[in-house]
Amino acid sequence: MSKHSHREIDPVTGHETTGHDWNGIKELNTPLPKIVIWALILTFVYSVIAWILLPAWPIGRDYTRGLLGLDQSDIALEDYRALATKRQDWLQPFENVDFSALQADDVWQNNALPAAQRLFEDNCAVCHGMQGRGIQGFPVLSDETWLWSGTPEEIAQTIRYGINTDSADTRYAEMPSFNWMERPDRVALAEYVVLLGDGSVKPNAAAATLFSENCAACHGEAGIGGLENGAPALNDSSVIYGQDFSTVMQTLWSGRQGVMPAWTDRLTQAEINLLAFYVSRLGADEKQVAQ
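These lines cover the structure that appears in this document, whether it is placed above or below. (Residues numbered from 1 in each chain as written. Predicted model: local features only at pLDDT ≥ 70, side-chain atom pairs only at ≥ 80, totals over all residues. Heavy atoms only, no water.)

A look at the overall build of the protein chain
Helix and strand counts for the protein chain stand at 11 helices and five strands. The 291 residues of the protein chain split such that 33% are buried. By sequence separation, contacts in the protein chain at least 24 residues apart represent 52% of the contacts at least 6 residues apart. Surface exposure of the protein chain reaches about 18,700 Å², of which carbon and sulfur atoms provide 56%. Averaging the locations of the 20 positively and 37 negatively charged side chains of the protein chain gives two centres separated by 9 Å. (Helix = DSSP H or I, 4+ residues; strand = E, 2+ residues; numbered from the N terminus. Buried < 20%, exposed > 50% of the residue type's maximum accessible area, 1.4 Å probe, protein only. Contact = heavy atoms within 4.5 Å. Areas by Shrake-Rupley, 256 points an atom, 1.4 Å probe, with all protein chains shown as cover. Lys, Arg positive; Asp, Glu negative; His and termini not counted. Charge placed at Lys NZ, Arg CZ, Asp CG, Glu CD.)

Structure (structure tokens):
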């Protein structure tokens, strides 16, 4: 490559050359296309106008509002209020819903269940899973075993006031610590509870007496759970914290006290009823799919 000391005009294009030559190929000093120049000018002009009219410049913890005074948060709030008003029109009948009549209304179910599913996904799925199958530490909602009754009315009560919350009407559930028990007895009891989960426990096992004296008052003689006191069933695979030996030993030593928040400050009464009906169907739908 060589560099000439002077520039020349290309006879074909009429453009000045840059003076660079690559093995006989001369580089043209081609001007920038006019359309690009105009695009840059228009972009600059628009930017100046936008800076003046729209919110643009940060000033500490605030920002310039612009001559139009637009605020995206106000616009979003107005859109939300319009949506909430529209939803309220069809949600209103569920403020004091008759769940029995609701279960027989196929038309309503087809219209409302998609909204109920969205409510579940937005508010419940993070703990209970998208299909209500639970994760460790949070109960399964898609089977027929409930800490309290699985009727829509009782589920609505749980959603409304939560479990172990500050609400005066909250559900209470607590597994006490058995760290006072001698270790051999805790080991025998843990082994018995593990066998309850897979159905291989023997009723006349030596630890059956330990279970009857210490656990059956809450969990039932066969570990079927207590609907009135929130004690989970121990005779199936849907155990909240797990039913392997080490987990059961940890539970016996430390106890358990889960918390479900109350949703009265986040959801309306109609939304709670809608959500309760949806959750009550999860078990039935799961059973139907299995069949």
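With respect to the pairing of strand β3 (residues 25-28)
A regular strand places its side chains so that they alternate between the two faces of the sheet. Taken together, the three bridges between strand β2 (residues 17-22) and β3 define a ladder with antiparallel strand orientation. Bridging across to β3, tryptophan 22 finds its partner in isoleucine 25. The hairpin turn running from β2 into β3, its antiparallel successor, is two residues long, and asparagine 23 in that turn takes a positive phi close to 50°. (Pairing = 2+ DSSP bridges.)

Quick notes on unusual backbone geometry
Positive phi, close to 55°, is recorded for asparagine 164, a residue that is not glycine. If you trace the backbone, asparagine 164 turns up in the loop between α6 (152-161) and α7 (183-198). For asparagine 164, a relative accessible area of 15% translates into the label buried.

Thoughts on the packing of α7 against helix α10 (residues 245-254)
In the contact formed by α7 and α10, the axes pass within 9 Å of each other and the chain directions differ by 130°. Classified by the interaxial angle, the pair formed by α7 and α10 is oblique. Handedness of the crossing formed by α7 with α10: right-handed. Judged by residue contacts, Arg183, Arg186, Val187, Leu189, Ala190, Glu191, Val193 and Val194 of α7 engage Phe245, Val248, Met249, Leu252 and Trp253 from α10. By residue class, the composition of the contact of α7 with α10 is 10 nonpolar, no polar and three charged. (Axes fitted to C-alpha atoms, helices over the stretch in contact; angles between N-to-C directions. Parallel < 35°, antiparallel > 145°, perpendicular 65-115°, else oblique. Left-handed = near helix turned anticlockwise from the far one by under 90°. Nonpolar A, V, L, I, M, F, W, Y, C, P; charged D, E, K, R; others polar.)

Description of the pattern of salt bridges
In the structure shown here, the tally under the stated rule is four salt bridges. The salt bridge involving lysine 26 is made with glutamate 8; its shortest N-O contact spans 2.6 Å. In this pair, lysine 26 is assigned in strand β3 and glutamate 8 in the loop between β1 (2-3) and β2, connecting sequence segments 18 residues apart. Of the residues examined, glutamate 8 reaches a relative accessible area of 29% and is grouped as partly exposed. A salt bridge links glutamate 154 to arginine 171; the shortest N-O distance between them is 2.7 Å. On the criterion of sequence distance, the pair formed by glutamate 154 in helix α6 and arginine 171 in the loop between α6 and α7 is long-range, its members being 17 residues apart. (Salt bridge = Lys/Arg side-chain N within 4 Å of Asp/Glu carboxyl O.)

Describing the nonpolar core
The tendency in soluble globular proteins is for nonpolar side chains to be buried side by side. Among the nonpolar cores identified, the biggest contains 34 residues, and Phe120, Ile159, Leu275 and Val279 are the most heavily contacted of them. For this core, the secondary-structure elements that each account for two or more residues are α3 (99-103), α4 (106-123), α6 and α11 (269-290). Examining the composition of this core, we find that nine residues originate from one element, α11, more than from any other. Excluding its chain neighbours within four sequence positions, the residues that come into contact with leucine 275 are Ala116, Leu119, Phe120, Cys124, Ile159 and Leu267. Core analysis: the next-biggest nonpolar cluster, separate from the first, contains 18 residues, Phe178, Met181, Ala216 and Leu252 among them. (Core = buried A, V, L, I, M, F, W, Y, C linked by side-chain atoms within 4.5 Å.)

Describing the side chain of threonine 158
Considering the arrangement of structural elements, one finds threonine 158 in helix α6. In contact with threonine 158, other than residues within four places in its own chain, are Ile163, Arg171 and Met260.

Describing a nonpolar patch on the surface
A surface patch of nonpolar side chains, about 980 Å² in accessible area, is lined by Leu32, Ile35, Val36, Ile37, Trp38, Leu40, Ile41, Phe44, Val45 and Ile49. With respect to the element layout, isoleucine 37 can be found in helix α1 (residues 34-53). (Patch = residues over 30% accessible without salt bridge, like charges linked within 9 Å, V, L, I, M, F, W, Y side chains within 5 Å.)

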